[in-house]
Amino acid sequence: MALGGFQDRVARVDLGESNVDYEGIDEEDAKKYIGARGLGVKYVFDQGPDVDPMGPENLLAFMNGPLTGTQVTMSGRIAICTKSPLTGTVTDSHHGGWSGARLKWAGFDGLLFEGQADEPVYAYVEDGEVELRDASHLWGKGVHETVETIEDELDGAYGKNLSTMAIGPAGENEVKYACVVNEDDRASGRGGTGCVMGNKNLKAVVVKSSTDMPKPEDQETFQEGHKQAMQLIMESDVTGPNEGGLSVYGTNVLMNVTEEMDGLPAKNGVYTSTESYSDAEGGGERILDAEKVSGENVRENILVDEPTCHSCPVACKKEVEVQTMHKGEEMNVRMESFEYESAWALGPNSANDDRDKVAVMIDRCNDMGVDTIEMGNMMAQAMELTEEGKLDGLEGSLDWGDADEMIDMIEAVGRRETELADHMAEGQAHMAEEFGDPETDILTVKNQSIPAYDPRTLKGMAIGYATSNRGACHLRGYTPAAEILGIPEQVDPHAWEGKGDLCATFQDLHAISDSFDICKFNAFAEGIEEYVLQYNGMTGLDVTEEELMEAGERVYNLERYYNNLAGFDGDDDDLPLRFVEGSEHAIPAQGAAEGELAELEEMKEEYYDVRGWVDGVVPDEKLEDLGIEVGPGTGVSSEGGAAAPSDD
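Residues numbered from 1 in each chain as written. Predicted model: local features only at pLDDT ≥ 70, side-chain atom pairs only at ≥ 80, totals over all residues. Heavy atoms only, no water.

**A look at the overall build of the protein**
For the protein, the helix and strand inventory stands at 24 helices and 17 strands. Radius of gyration (C-alpha) of the protein: 23 Å, near the 26 Å computed for a compact globule of 648 residues. Summarising its shape, the C-alpha atoms of the protein cover approximately 70 × 60 × 50 Å along the three principal directions. For the protein, buried positions account for 66% of its 648 residues. Across the protein, the fraction of contacts at a sequence separation of at least 24, relative to all contacts at a separation of at least 6, is 69%. Per element, the accessible surface of the protein, about 21,500 Å² overall, is 41% carbon and sulfur. (Helix = DSSP H or I, 4+ residues; strand = E, 2+ residues; numbered from the N terminus. Rg over C-alpha atoms; globule rule 2.2 N^0.38 Å. Buried < 20%, exposed > 50% of the residue type's maximum accessible area, 1.4 Å probe, protein only. Contact = heavy atoms within 4.5 Å. Areas by Shrake-Rupley, 256 points an atom, 1.4 Å probe, with all protein chains shown as cover.)

**A closer look at the packing of helix 14 (residues 372–387) against helix 17 (residues 428–435)**
Their axes nearest at 10 Å, the elements helix 14 and helix 17 cross at an angle of 15°. Compared by their axis directions, helix 14 and helix 17 come out roughly parallel. Like other packed secondary-structure pairs, helix 14 and helix 17 cross with a definite hand, here right-handed. The residues of helix 17 that touch helix 14, namely those facing Asn377, Met378, Gln381, Ala382 and Leu385, are Gln428, Met431, Ala432 and Phe435. (Axes fitted to C-alpha atoms, helices over the stretch in contact; angles between N-to-C directions. Parallel < 35°, antiparallel > 145°, perpendicular 65-115°, else oblique. Left-handed = near helix turned anticlockwise from the far one by under 90°.)

**So, the packing of aromatic side chains**
Tallied over the entire structure, the rule returns 14 aromatic pairs. Measuring from ring centre to ring centre gives 6.0 Å for Phe45 and Tyr562, while their planes differ by 65°; the resulting arrangement is edge-to-face. Here Phe45 is found in helix 2 (residues 36–47), whereas its partner Tyr562 is found in helix 22 (residues 545–565), with 517 residues between them in sequence. Like Tyr562, Phe45 is buried. Three or more aromatic residues joined by ring pairs form one cluster here, namely Tyr340, Tyr453, Tyr478, Phe521 and Phe524. For Lys203, the ring lying beneath its charged end belongs to Trp139, and the centroid distance is 6.0 Å. (Phe/Tyr/Trp six-rings, centres within 6.5 Å; stacked < 30°, edge-to-face > 60°. Lys NZ or Arg CZ within 6 Å of the ring centre and 35° of its normal.)

**Quick look at helix 2**
Owing to its 3.6 residues per turn, the α-helix aligns residues three or four sequence positions apart on the same side. With 12 residues, helix 2 extends 17 Å from end C-alpha to end C-alpha; this agrees with the ideal 16 Å at 1.5 Å per step. With 10 of 12 residues buried, helix 2 is to be regarded as a mostly interior element. All buried positions along helix 2 are accounted for by Ala36, Arg37, Gly38, Leu39, Gly40, Val41, Lys42, Tyr43, Val44 and Phe45. Residue Gly48 follows helix 2 closely and has a positive phi angle near 110°. (Expected span 1.5 Å × (residues − 1).)

**Topic: the side chain of Thr272**
By the element assignment, Thr272 lies in the loop between helix 9 (254–260) and helix 10 (274–281). For Thr272, a relative accessible area of 0% translates into the label buried.

**With respect to the nonpolar core**
Burial of nonpolar side chains together is a common tendency in soluble globular proteins. Membership of the largest hydrophobic core comes to 153 residues, with the highest contact counts inside it found for Met375, Met379, Met424 and Leu548. Residues within four places of Leu548 in sequence aside, it is in contact with Ile34, Ile512, Phe516, Ile528, Tyr531, Val532, Tyr535 and Val543. The next biggest cluster of nonpolar side chains, apart from the first, holds 25 residues, and it includes Phe108, Val180, Val196 and Val207. (Core = buried A, V, L, I, M, F, W, Y, C linked by side-chain atoms within 4.5 Å.)

**A few points about the sheet that holds strand 9 (residues 162–166)**
If you trace the 6 strands from one edge of the open sheet to the other, you get 8-7-12-9-10-11, paired in mixed fashion. Each edge of the sheet is formed by a strand with only one pairing partner; in this case those strands are strand 8 (129–134) and strand 11 (186–188). Averaged over all pairs of adjacent strands, the angle between their axes in this sheet comes to 20°, without regard to strand direction. Sheet analysis places strand 7 (residues 121–126) next to strand 12 (residues 202–208), joined by 5 bridges and oriented parallel. Its bridge partner being in strand 12, Val121 is matched across the sheet by Leu202. Helix 4 (residues 143–154) contacts strand 7, strand 8, strand 9, strand 10 (180–182) and strand 12 of the sheet and is inclined by roughly 145° relative to strand 9. (Pairing = 2+ DSSP bridges.)

**So, a negative patch on the surface**
A cluster of like negative charges, contributed by Glu217, Asp218, Glu220, Glu224, Glu529, Asp542, Glu545, Glu546 and Glu547, occupies part of the molecular surface. If you tally residues by element for the negative patch, the top one is helix 22, at 3 residues. For Glu224, the position within the fold is in helix 7 (residues 219–235). Residue class for Glu224 comes out partly exposed when judged on its relative accessible area of 41%. (Patch = residues over 30% accessible without salt bridge, like charges linked within 9 Å, V, L, I, M, F, W, Y side chains within 5 Å. Salt bridge = Lys/Arg side-chain N within 4 Å of Asp/Glu carboxyl O. Lys, Arg positive; Asp, Glu negative; His and termini not counted. Charge placed at Lys NZ, Arg CZ, Asp CG, Glu CD.)

**So, the pairing of strand 8**
As defined by bridge partners, strand 7 adjoins strand 8 across 6 bridges and the pair is classed as antiparallel. When the bridges of strand 8 are listed, Tyr124 appears paired with Glu131.

**Thoughts on the side chain of Lys446**
Note on placement: Lys446 falls in the loop between strand 16 (444–445) and strand 17 (448–449). By relative accessible area, which is 11% here, Lys446 ends up buried. Within polar-contact distance, the side chain of Lys446 engages the backbone oxygen of Ser468 at 3.4 Å. In contact with Lys446, not counting residues within four places along its chain, are Leu86, Thr87, Thr89, Ala466, Ser468, Gly471, Phe568, Asp572, Asp573 and Asp574. (Polar contact = N/O pair within 3.5 Å; in protein donor to acceptor, adjacent residues only side chain to side chain.)

**Remarks on the confidence of the model for the protein**
In this model, the protein carries a mean pLDDT of 96, and residues with pLDDT of at least 70 account for 98%. Taken together, the stretch residues 644–648 has pLDDT below 50 and engages in 0 contacts with residues farther than four places along the chain or on a different chain. (pLDDT = per-residue confidence, 0-100.)

**Things to note about the sheet that holds strand 13 (residues 303–305)**
Reading across from one edge, 13-14-15 is the order of the 3 strands in this open sheet, with antiparallel pairing throughout. Both outer strands of the open sheet, strand 13 and strand 15 (329–335), are each paired with one neighbouring strand and no more. Averaged over all adjacent pairs, the angle separating strand axes in this sheet is 30°, with direction ignored. Looking at chain direction, strand 13 and strand 14 (residues 319–326) are connected through 2 bridges and run antiparallel.

**A few points about helix 22**
The terminal C-alpha atoms of helix 22, which comprises 21 residues, lie 30 Å apart, in line with the 30 Å expected from a rise of 1.5 Å per residue. In terms of residue burial, helix 22 counts as a mostly covered element, since 15 of its 21 residues are buried. Remark: Gly567 follows helix 22 within two positions and exhibits a positive phi of approximately 110°.

**Digging into the pairing of strand 1 (residues 10–14)**
Here strand 1 runs beside strand 6 (residues 110–114); their pairing, made up of 5 bridges, is parallel. When the sheet's bridge partners are listed, Asp14 is paired in strand 6 with Glu114. The sheet contact formed by strand 1 and strand 2 (residues 19–23) spans 5 bridges and is antiparallel. Across the sheet, residue Arg12 finds its bridge partner in strand 2, namely Asp21. With antiparallel pairing between neighbouring strands as the criterion, strand 1 and strand 2 make up a hairpin whose turn holds 4 residues, including Ser18 at a positive phi of roughly 50°.

**Observations regarding the pattern of salt bridges**
For the structure shown, the criterion picks out 51 salt bridges. As a salt-bridge pair, Glu259 and Arg286 come within 3.1 Å of each other at their nearest N and O atoms. Remark: Arg286 occurs in the loop between helix 10 and helix 11 (295–301) and Glu259 occurs in helix 9; sequence separation between them is 27 residues. Residue classification places Glu259 among the buried residues on the basis of a relative accessible area of 8%. A salt bridge links Lys317 to Glu339, with the shortest nitrogen-to-oxygen separation between them at 2.7 Å. In this pair, Lys317 sits in the loop between strand 13 and strand 14 while Glu339 sits in the loop between strand 15 and helix 12 (340–346), placing the two residues 22 residues apart along the sequence. Comparing Lys317 with Glu339, the two get one shared label, buried. Counted as one network, the salt bridges with shared partners bring together Arg37, Asp92, Arg476, Asp514, Lys520 and Glu559.

Here's what the structure looks like:
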């Protein structure tokens, strides 16, 4: 293949047959779908949207992109793509660190796993080869011990020449929201990729390599784009090293910001801030305070280091060390991932503001290999069901803000140790169906739990959650950039008009960065101009800004098309009823956002018009316009009826 930035090598690993074949990248697919997320979704699509997520035929793709592992700033990402056992949709989940770059340096654009191993194995990658090795001695171990054991066996070291992407007991026990954890603390958190990995008896993917960054095909164009991008990143109020909010406080810089605007869901989304919760239930006392788990509080009290990822000057990771008592036992934990979403889910949304125990919980989630966002939401749901008496008689229960029981519940879920934990391992929809009301006792979209932005207050997130192709997600289209940070310009978070267009634009832009695969945080500084220059310089292509944006749109529509063929349509583009205007179960926002609710139907109509979709379905004319030439089509026309029969 003639395109720069690619190794033109993919390993196709049949775990059932213990066989590895090697193939190149289709150049036309690379031009259409860019790489990483885009190409990964294409590989998953080709496997068939009707596959069983928990069957051997489900494909698990580890993919980097044409800019991964290069000189491009923040280019240390990797995409893991599959059909989600949690949502039933196509999903991709990304993590940072060094594994994405290292996979590129080891000679690969991707690893495609299919089948199911008879016994536990791990994949060892080095110098353009993949070898399956016995992992029986690793099965049952947490992620931390797994990484340490592999480092000892292979005489390698994280940060020098080795990266380990592993599952913990949650993946082995097929917890539906189990994740893949890289280098101890960087998680491909959402969608249950670790569950698929565990189902395949694949304990880890281990990559060993020296640094070997790809060279740009057009050095002059690349350097022009890279210079512009670096200057913007260095000067940004958000990303500027040691000065920007993201660099100084990490992602958790947002905790106090969303709290003040009443955009922080609290007590399972009943309230829109911890202050509003305290006003309603505190009897005049501040019984819950988001500031205690904020980035500012963390930096002042427990920060010990600020590690970073490949080619990143921002260093948003905040490593902390805590000592706390847990049921009479002293716990000492040093961990790297005190992130905003994790701190919110295991903190304010569960009516907990014990900073040090939140750190312990995040570390335990990483060790068990379970998504912190989903785990926190699951516990908040269980707490609400407990409060309502719906879990009476069940072994185990959870009370609001009981941090000690929350710590223990994480391992119980990861190992499915108790009756309640076993049910919680199946996700929110299962819990609501078994013990509550599937319409009201659930805070998910497509069975994936909401993140830390209240959709009543931030209307871009409302339509973003609803239309995300992988279930509720803030990262498909990060509209808080505009609604909170004023990037590229400030918009009113409470206004719904125009949010369909804003959301679709961010979704397409992030589909591009996810397919490059570079960190989304670069979009706080860079724009499409810098993307085009660096992409063209690296690959040797000559695409325009419009053509690159169309590629992002193509990726997003391919995902939606997959979901349509899997049975999803506009009815699935919903929100939890407590957030929605017109619902009898709606709970209006409080405080600074008093009375706000999500105007979901109006926003969906606007969004579908922007997308050219018919009730959430990609019409065949749209597929043709975007050059998506796979599959049978949806059978829907742009006029809303059945599509005209093909001449073929």
